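For reference, the chains in residue letters:
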Amino acid sequence: MKTLFFSSAFLWLTLSSFAQNFQGIAYYSSQTSMKNFNITSDDMTPDVKEKMMESMKKAFEKNYVLSFNTVESIYSEEEKLAAPKPSSNGVSVSFSGGGDSKYYKNFKTKQYTTDLDIFGKEFLVVDSLPKFNWIITGEEKKIGNYTCIKAQIIIPVTEEELKEYEDYKKKLESGKTSFFTPSEPKEKIIEAWYAIEIPVSNGPNKYWGLPGLILELHEGETTFLCSKIVLNPKEKIEIKAPKNGKKVTQKEFDEIKEKKLNSMKKLKLTLLGILA
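In short, a report on the structure. Because the structure is predicted, anything quoted here is derived from the model rather than measured.

We note that N205 has phi near 55°; this positive angle belongs to a residue other than glycine. Structurally, N205 is set in the loop between strand 14 (188-195) and strand 15 (213-219). At N232, a position not held by glycine, the phi torsion is positive, near 50°. The class of N232 is partly exposed, set by a relative accessible area of 42%.

Here it is, written out as structure tokens:
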């Protein structure tokens with residue numbers, strides 16, 4: 001089968017003549033497989049490990065909403081009703097989920113904006129849209145009523161991943177134990193299925209750059225699946241970029257986050273030394 005390479009930079013030219021009033025809402029659900037994840041601890045019984053794994057699996061089961069037009073979009077976790085809880089007056093109902101973080105894409109400016117926080121401090125990350133070197137395989141399948149085509153991104157193993165795994169193996173050889181057992185790093189393949197009948201270059205989270213809306217995405221052990229699409233709803237969709245937080249680039253945010261995490265690790269080790 002012939003493999004085609006598709007550059008995301010080409011997309012705007014492809015969609016520039018598409019009707020500007022075209023809009024829609026796509027609903028996604030995510031699930032994460034825990035088959036390659038293992039908890040190693042001599043202090044846990046098999047029942048406790050199983051319950052912990054099940055709790056972690058459920059924590060990764062989320063619902064998202066992507067509101068889009070041909071120029072911009074906003075992606076966020078969907079709010080949902082929490083399980084009813086008894087109260088003094090009967091039954092109370094509250095909302096859960098619906099994380100505050102939003103991912104905004106603008107295809108005119110070729111930028112994205114997302115609001116993130118580090119231990120309670122808000123940041124507004126504004127940067128260029130990531131460029132994905134999609135490989136279109138030509139494979140087809142039906143998702144609902146839509147004909148979808150398969151595309152992939154191949155991500156090689158990084159030196160940092162190899163170093164972290166080698167450090168882990170050295171700890172094992174020296175007799176040290178680890179709560180989590182990392183698997184050997186391998187080449188990553190992001191797999192997407194996009195609908196040719198919905199010619200908008202978009203998809204869940206940061207993903208975009210294909211000549212159609214992504215309805216199914218496999219990212220590592222996590223799968224995003226579109227469960228419902230509403231095209232051209234009667235009420236006009238309002239898409240607004242996040243505005244709160246200190247404005248930084250993605251690189252600046254990653255550096256701040258790394259410094260904060262390293263600081264927390266050092267504090268933890270200091271406290272452990274004091275308590276020992």
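Read on, since the account is not over.
Next up on the list: the pairing of strand 13 (residues 146-155). Among the 10 residues in strand 13, seven count as buried, and that is most of the element. Bridging between strand 12 (residues 133-143) and strand 13 involves six bridges; their strand directions are antiparallel. The residue bridging K141 from the neighbouring strand is C148, located in strand 13. In textbook terms, the turn of a hairpin is the stretch between consecutive antiparallel strands, and for strand 12 and strand 13 this stretch comprises two residues, one of which, G144, has a positive phi near 65°. As paired elements, strand 13 and strand 14 share eight bridges and run antiparallel to each other. Across the sheet, the residue bridging to I155 is K188, located in strand 14.

Relative to the helices and strands, N202 resides in the loop between strand 14 and strand 15. For N202, a relative accessible area of 1% corresponds to the buried category. A distance of 2.7 Å separates polar atoms of two side chains, one belonging to N202 and the other to K105. Excluding residues within four positions of it along the chain, N202 makes contact with L66, F68, S73, K105, F107, Y207, W208, G212, L213 and I214.

Another aspect to go through is the packing of aromatic side chains. Per the stated rule, a full pass over the model turns up nine aromatic pairs. Between Y28 and Y75, the ring centres sit 6.5 Å apart and the planes meet at 65°, which makes this aromatic pair edge-to-face. Remark: Y75 occurs in strand 4 (residues 72-77) and Y28 occurs in strand 2 (residues 23-32); sequence separation between them is 47 residues. Each member of the pair Y28 and Y75 is classed as buried. Ring centres 5.0 Å apart and planes at 10° place the aromatic pair Y103 and Y112 in the stacked group. This pair shows no difference in class: Y103 is buried, exactly as Y112 is. What links up through ring pairs into an aromatic cluster is the set Y28, Y64, Y75 and F224. The ring of W193 carries the charged tip of K141 above its face, separated from the ring centre by 4.6 Å. One Lys or Arg, K228, reaches over the ring of Y27 and ends 5.4 Å from the middle of that ring.

Rules of the game
- Residues numbered from 1 in each chain as written.
- Predicted model: local features only at pLDDT ≥ 70, side-chain atom pairs only at ≥ 80, totals over all residues.
- Heavy atoms only, no water.
- Helix = DSSP H or I, 4+ residues; strand = E, 2+ residues; numbered from the N terminus.
- Buried < 20%, exposed > 50% of the residue type's maximum accessible area, 1.4 Å probe, protein only.
- Pairing = 2+ DSSP bridges.
- Polar contact = N/O pair within 3.5 Å; in protein donor to acceptor, adjacent residues only side chain to side chain.
- Contact = heavy atoms within 4.5 Å.
- Phe/Tyr/Trp six-rings, centres within 6.5 Å; stacked < 30°, edge-to-face > 60°.
- Lys NZ or Arg CZ within 6 Å of the ring centre and 35° of its normal.

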